[in-house]
Amino acid sequence: MRYATWAALCISASLSGLVWGSPAQQTINPATLTTAGNGTRWEIGVLTGQVDADLRRDATVGVAAAGRYSAETAHPVLPFFAFSYALNDTVTFGFAFDTPNYFDLRWADHAYDVSVGGERLDLTKGGRLIAQRVGPAAAWRLNGHWSAGARLFAQRVDAAEDSDLANVSGHGTTYGLQLGTRYIGRGYLVGAAFTTRTNTDVRGSQTEVHPLVAASGALVAGDARADILLPARLHSNFALALRANLWAELELEWFDWSYVDERTIYQANGTIVNQGKNARHYHDTINTRLGMKWQRTPSMALYGAIGYEPTQVPERDVTPAQTFLDRTRLTLGSVWKLERGWTLDLMYQYAHGHTRTVEATDQDNTATGADTHVYEGTYRSRSHALRLSVTGAF
């Protein structure tokens, strides 16, 4: 589900923002704060759903049996909130908390068995990578058409990889910046926002080292650390009024994935846990989404979108401890204006992880470079997400 939270919030916030301003839009483009509303406004919400993934292995590989293996069904619950304060007609301040990156998946026992000293041990049980951001923003209305904004955020990263050999986990904090601009014309608008890449020093520990592995000296219990790299992001959108009450919008997101060229985990004795498998060969990607918004009544609007997100992961870097599937997303949502100036936004999204057959990856090699082949097979995923948010004024 990694990046599913970003994509779901992005589609919902941007399309519903064409109807009425949303404080949460500042996490996508801080320049949108100028249309968040007069006075002090707040938005609070939650994104939740169900994520399913499975592997089909057609032939037995070593001690890993053929068959279908499923990851544990996940039901993430991710809250978010945002505030905006219009100082005057020109300047608006904001503050927001969001979760732009989320992946947390655990596979069934014996899905990735290898033989260690005659014992069957899972080479991986799953992984976790969660990035949460919080920080202030400010936007300026430069004239009747142009707005510009900036957001400074603190980012906390929690990361973990689990196996029957050992578990390693940690967390760290860093900072980043978002810059955005938007132009509103007669019957159209254009926006763009850039988010800086981040490098987070994640520190934690390696625990539950299997006795056979500990005796070999390959893995040691104790402190562990890693630098978690996350890519820069350039988001752009173009919206056009087809009629007075009907808008179409095109969104493009470029991710600087080539920056993420390694994920090296160091253990207490200074050696590398994932020696020979720490390099990454990612390529940059562009996500595409096309949406429509229909202002059905003065107090209710409907919106929908379809999007495609190619994976950044080449076959040699595939591991079940991260996502690596191309995805198509379908979104339907509605926004209601309520009494006392409140707004209710409800969105449903289905994400289809396209089937991918993995025939060769370096990530299932042993420390000596021998290929275990246990990560090879056919993968797919499905997820259903609900996003609910309420916006009001103080």
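Above this text you will find the structure in question.
The paragraphs below set out a description of the structure included in this document.

Calculation notes
Residues numbered from 1 in each chain as written. Predicted model: local features only at pLDDT ≥ 70, side-chain atom pairs only at ≥ 80, totals over all residues. Heavy atoms only, no water. Helix = DSSP H or I, 4+ residues; strand = E, 2+ residues; numbered from the N terminus. Rg over C-alpha atoms; globule rule 2.2 N^0.38 Å. Buried < 20%, exposed > 50% of the residue type's maximum accessible area, 1.4 Å probe, protein only. Contact = heavy atoms within 4.5 Å. Areas by Shrake-Rupley, 256 points an atom, 1.4 Å probe, with all protein chains shown as cover. Salt bridge = Lys/Arg side-chain N within 4 Å of Asp/Glu carboxyl O. Polar contact = N/O pair within 3.5 Å; in protein donor to acceptor, adjacent residues only side chain to side chain. Phe/Tyr/Trp six-rings, centres within 6.5 Å; stacked < 30°, edge-to-face > 60°.

Turning our eyes to something else, we now look at the overall build of the protein. Secondary structure assignment for the protein yields two helices and 20 strands. For 394 residues, the compact-globule estimate of 2.2 N^0.38 gives 21 Å, and the protein sits close to it at 23 Å. Each principal axis of the C-alpha atoms in the protein carries an extent, and together these give about 70 × 40 × 35 Å. Counting the 394 residues in the protein, one finds 54% classified as buried. For the protein, restricting intrachain contacts to residue pairs at least 6 apart in sequence, the fraction spanning at least 24 positions comes to 69%. With the model as given, the accessible surface of the protein reaches about 16500 Å², and the carbon-plus-sulfur share is 58%.

Backbone geometry at His110 places phi at a positive 70°, although glycine is not the residue there. Relative to the helices and strands, His110 resides in the loop between strand E4 (91-106) and strand E5 (113-116). On the basis of relative accessibility, which here comes to 40%, the residue His110 falls in the partly exposed class. The phi dihedral of Glu208 falls on the positive side, at around 50°, and the residue is not glycine. Inspection of the secondary structure puts Glu208 in the loop between strand E11 (198-207) and helix H2 (211-216).

The subject of this paragraph is the pattern of salt bridges. In total, this model carries 20 salt bridges according to the counting rule given. The partner of Lys125 in a salt bridge is Asp122, with the nearest N and O atoms 3.3 Å apart. Here Lys125 and Asp122 have matching classes, each one buried. The residue Arg316 makes a salt bridge to Asp362 at a minimum N-O spacing of 3.7 Å. Note that Arg316 is positioned in the loop between strand E17 (300-309) and strand E18 (327-337) and Asp362 in the loop between strand E19 (343-358) and strand E20 (377-393), a separation of 46 residues in sequence. Residue classification places Asp362 among the partly exposed positions, given a relative accessible area of 30%. It is possible to trace a salt-bridge network through shared partners that takes in Arg233, Glu251, Glu253, Arg289, Glu309 and Arg329.

A word on the side chain of Ser389. Structurally, Ser389 is set in strand E20. A distance of 3.0 Å separates polar atoms of two side chains, one belonging to Ser389 and the other to Glu43. Once residues within four sequence positions are removed from consideration, Ser389 is found in contact with Glu43, Ile44, Gly45, Phe80, Thr343, Leu344 and Asp345.

Tallied over the full model, the rule gives 13 aromatic pairs. With 6.5 Å between their ring centres and 35° between their planes, Tyr188 and Phe238 make a pair best called tilted. Here Tyr188, found in strand E10 (residues 188-195), pairs with Phe238, found in strand E13 (residues 233-243); they are 50 residues apart in sequence, far enough to count as distant. Tyr188 sits in the partly exposed class, given a relative accessible area of 30%.

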